[in-house]
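Here's the letter readout for the chains.
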Amino acid sequence: MLKFLLMGGYARYVWPCYGLTALVVGLNIHWARAALRAAQAEARRRMASLKAAS
Amino acid sequence: MAWVWFHRFGSPPYFYRVAGLLAPWFAWPAALLCAAGLVGGLGLAPADYQQGDGFRIIYVHAPAAWLSLMVYVVMASSAAVGLIWRMTVAYAVAASCAAIGASFTALALATGMLWGRPMWGTYWEWDPRLTSELLLLFLYLGYMGLRNAIDDIGRADRASAVLATVGVVNVPIIHYSVIWWNSLHQAPSVMRFGQPTMPAAMLVPLLLMLAGFTAYFVALLLTRARGELLRRERNARWIADALGVATGKGSAC
Amino acid sequence: MSPPRVGFVGAAGALIARDLRLALRRSGDSLQPLGFFLVVSTLFPLALDPQLSLLRDVAPAALWVGALLSSLLALDLLFREDAQDGTLEQLALCGLPFQGLLLAKTAVHWLLTGLPLVLIAPLAATALGAPYEAMPGILAALLLGSLALSLIGAVGAGLTMSLKRNGSLLALLVLPLAAPVLIFGARATALAIAGESLAGPLYLLGAIAVLAATLVPWALAAAVRIGLE
């Protein structure tokens, strides 16, 4: 286990890489879903105001 | 036959619905593929002859670099399709690509630098691959900057589509010119491995990661594109049905 | 719509003559990028130790970065005025090939801003320590390179012409696309200074210029049309 964590001495390069990757992967998932939700909410509002106006 | 499929996907309500259904079918396999790739790459693959365990960075660096390039091509192609056939769906797809591609280009650069530090001794070397990635990042930033600067979303789509098309023609030229330039400096070839060819135990996890990241990108793209489509279709009637507003029926997103 | 009475060649000729006349009236505008190029080229030696051998190594970089930045500066002149006073719209609507007319405009722009730069480059090159024998090579490289830069830059200018004055966006758009020109041009200049054959990079530079001349008109027409909306 320790050998795994130490990565043969390269740990301080390898693990930040994986950490950054996890960060970017996670952020993109979050952005995509948040953008979709925001667009849906805005669309609902537009539809509702259209309906109210008609 | 392909045209029928093409036109169907070009229809906004169809795309909105199908993209929503398909996204999980790419997301979960992506997670599985990456998990398998990580187990193989971090655990099962033997340490490299020259680089020791440091080479394992390739299992995140290569997918990031692959994504950065592939996403640009997808972005430029869909932008061109949008420009030629005036397809809103195509523009929505192109717009969705930008942030994803730029962030993974930055990640490829960061992981490349972190990989370079122990291997070359410095964080930066004007290695052809890193230099090309840097220029690619500038292309993305230019695309996003142009989009940002134009207020009207339709004009922003069209102008950035022209830019992306010009850029994609340039990508192979840039890549070749940088390789040529770098060959003059006789820089040590980075990221080569101790063995002449990559053994299966190292290669298979890499392929799994590449496939997993690709599926992950498709899932992201489908999700984002739906939102971009809503923003562009404004008050089209199909939106009310799709969101279940007019009838009051809730629909699963 | 009635067919245009003037043919394309006539219209292009008239456009070129008009642009030249306007530019000569305000010669200061065209001379500014030139002055900028000279200043940038002389700034490099000031920033370095003026030992001749080191200067010679830096000369290609100084010349080409200067040329690149100067062409960026000059791009503002290309479309802005004509977009504002409606001339571009007239050109787009007049029924003649818009690509050709825009290409004519870009050609005049190069004549006014690119060509003078090429002609004055030997002066800057000498100040940077380049030997006399290198001049033909330097001239050839800058000739092809400045053509390519004008063409590539024109697309950027077309895309940003309706935006508020934002030079940094134009630079961000144009510089990555111009990177190959910089690479091959600087390399050709370095070979010329070293006295070696610069055929390789020179041909590549020529290829890029030809590619640009072929593809840019279409991109330019599309970009300007979008900007005119």
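For every chain, the first residue of the written sequence is number 1, and numbering continues from 1 onward in sequence order. Throughout, the order in which chains and ligands are written sets their labels, letters from A for the former and numbers from 1 for the latter. Local features in a predicted model are, by the rule used here, given only for residues with pLDDT of at least 70; side-chain atom pairs are given and counted only at 80 or more, and totals for whole chains, interfaces and linings are based on all residues.

## Here we look at the overall build of chain A
Right, so step 1: Under the scheme used here, helices are H or I runs from DSSP no shorter than 4 residues and strands are E runs no shorter than 2 residues, and both carry numbers assigned from the N terminus. For chain A, the count of helices and strands is two helices and zero strands.
Right, so step 2: Since a compact globule built from 54 residues should have a radius of gyration of about 10 Å, the 22 Å found for chain A marks it as more spread out than a globular shape.
Right, so step 3: Here the C-alpha coordinates of chain A stretch approximately 70 × 15 × 5 Å along the principal axes.
Right, so step 4: To assign burial, the other C-beta atoms lying within 10 Å of each residue's own C-beta are counted, with C-beta atoms placed from the backbone; 20 or more indicates buried, 12 or fewer indicates exposed, and intermediate counts indicate partly exposed. Across the 54 residues that make up chain A, the buried fraction comes to 26%. In this setup the radius of gyration rests on C-alpha atoms only. A globule is expected at 2.2 Å times the number of residues raised to 0.38.

## Examining the overall build of chain B
Right, so step 1: Scanning chain B for helices and strands turns up eight helices and zero strands.
Right, so step 2: Secondary structure of chain B in N-to-C order comes out as α-α-α-α-α-α-α-α.
Right, so step 3: Per-residue burial over chain B gives 47% buried out of 253 residues.

## A few points about the interface of chain A and chain B
Right, so step 1: Facing the 29 residues of chain A at the interface are 34 residues of chain B.
Right, so step 2: Residue composition of the side of chain A that touches chain B, by class: 20 nonpolar, five polar and four charged. Note on contacts: residues are paired as contacts if their backbone-placed C-beta atoms lie within 7 Å. Each residue is assigned to one class: nonpolar for Ala, Val, Leu, Ile, Met, Phe, Trp, Tyr, Cys and Pro, charged for Asp, Glu, Lys and Arg, and polar for all the others, Gly among them.

## Description of helix H1 (residues 8-25) of chain C
All names here are of chain C.
Right, so step 1: Here the expected span of a helix is defined as 1.5 Å times the quantity of residues minus one. Here H1 contains 18 residues, and its C-alpha end-to-end distance of 26 Å stays within 8% of the 26 Å for a straight helix at 1.5 Å per residue.
Right, so step 2: When we look at burial in H1, the residues that qualify are Ala11, Leu15 and Asp19. One face of H1 carries all of its buried residues, which in axial projection span an arc of 65 degrees. The exposed set on the far side of H1, more than 90 degrees from its buried face, consists of Val9, Gly10, Ala14, Ala17, Arg21, Leu24 and Arg25.
Right, so step 3: Residues of H1 that are buried in the fold lie against helix H6 (98-127). Directions are taken from the helix axis to each C-beta atom, and the arc is the one they span.

## Description of helix H2 (residues 27-47) of chain C
Right, so step 1: Compared with the 30 Å implied by 1.5 Å per residue over 21 residues, the 31 Å span of H2 of chain C between its first and last C-alpha is a close match.
Right, so step 2: Buried residues of H2 of chain C: Pro33, Phe37 and Ser41 of chain C, and no others.

## Thoughts on unusual backbone geometry
Right, so step 1: With a phi angle near 55 degrees, Arg86 of chain B is a residue other than glycine that sits in the positive phi range.
Right, so step 2: By the element assignment, Arg86 of chain B lies in the loop between helix H3 (58-85) and helix H4 (88-120).

## Some details on the nonpolar core
One broad rule of soluble globular proteins: the nonpolar side chains tend to lie buried together.
Right, so step 1: Ranked by size, the top nonpolar core spans 168 residues in total, and within it Ala94 and Val162 of chain B together with Ala148, Ile152, Ala178, Leu205 and Ala223 of chain C carry the most contacts.
Right, so step 2: Broken down by element, the residue count for this core peaks at 20 residues, all from helix H8 (residues 167-194) of chain C.
Right, so step 3: Leaving out residues up to four positions away in the same chain, Ala223 of chain C has contacts with Ala159 and Val162 of chain B together with Val155, Gly158 and Leu159 of chain C. A set of buried residues drawn from Ala, Val, Leu, Ile, Met, Phe, Trp, Tyr and Cys, joined through C-beta atoms within 7 Å, is what defines a nonpolar core.

## Some words on the arrangement of the chains
Right, so step 1: The structure contains two pairs of chains in contact, of which chains A and B account for the largest number of contacts.
Right, so step 2: With no contact between them, chain A and chain C keep their nearest C-alpha atoms 24 Å apart.

## Quick notes on the interface of chain B and chain C
Right, so step 1: Counting residues at the interface gives 22 residues for chain B, matched by 21 residues for chain C.
Right, so step 2: Elements supplying a minimum of two residues to the side of chain B that touches chain C: helix H5 (128-149) and helix H6 (153-185) of chain B.
Right, so step 3: For the side of chain B that touches chain C, the element with the highest residue contribution is H6 of chain B, accounting for 14 residues.
Right, so step 4: Per-class residue counts for the side of chain B that touches chain C are 14 nonpolar, six polar and two charged.

## Considering the confidence of the model for chain B
Where the model shows low pLDDT, its predicted coordinates should not be examined in detail.
Residue and element names in this part refer to chain B.
Right, so step 1: Overall, the predicted model of chain B reaches an average pLDDT of 85, with 90% of residues at or above 70.
Right, so step 2: Each residue carries a pLDDT score, the predictor's confidence in it, ranging from 0 to 100. Confidence, expressed as mean pLDDT per element, reaches its minimum in chain B at helix H1 (residues 2-10) with 74 and its maximum at H3 with 94.
Right, so step 3: Predicted confidence for residues 186-196 stays below pLDDT 50, and this span has 17 contacts to residues more than four positions away or in other chains.
Right, so step 4: Considering only residues more than four positions removed or in separate chains, one finds that residues 247-253, a stretch of pLDDT under 50, has seven contacts.

## Comments concerning the packing of helix H7 (residues 135-160) of chain C against helix H9 (residues 199-228) of chain C
Residues and elements named next belong to chain C.
Right, so step 1: Each axis is a line fitted through C-alpha atoms, and for a helix only the stretch in contact is used; angles between axes span 0 to 180 degrees, taken between their N-to-C directions. Close contact between H7 and H9 brings their axes to 8 Å; oriented N to C, the two are set at 20 degrees. Of the possible angle classes, the one that applies to H7 and H9 is roughly parallel. In this structure, the crossing between H7 and H9 has a hand that is left-handed.
Right, so step 2: Of the residues assigned to the contact of H7 with H9, the class counts are 21 nonpolar, four polar and no charged. Our angle categories are set so that under 35 degrees counts as roughly parallel, over 145 as roughly antiparallel, 65 to 115 as roughly perpendicular, and the remainder as oblique. Take the far helix as the reference: if the near one is turned anticlockwise from it by less than a right angle, the crossing is left-handed, and if turned clockwise, right-handed.

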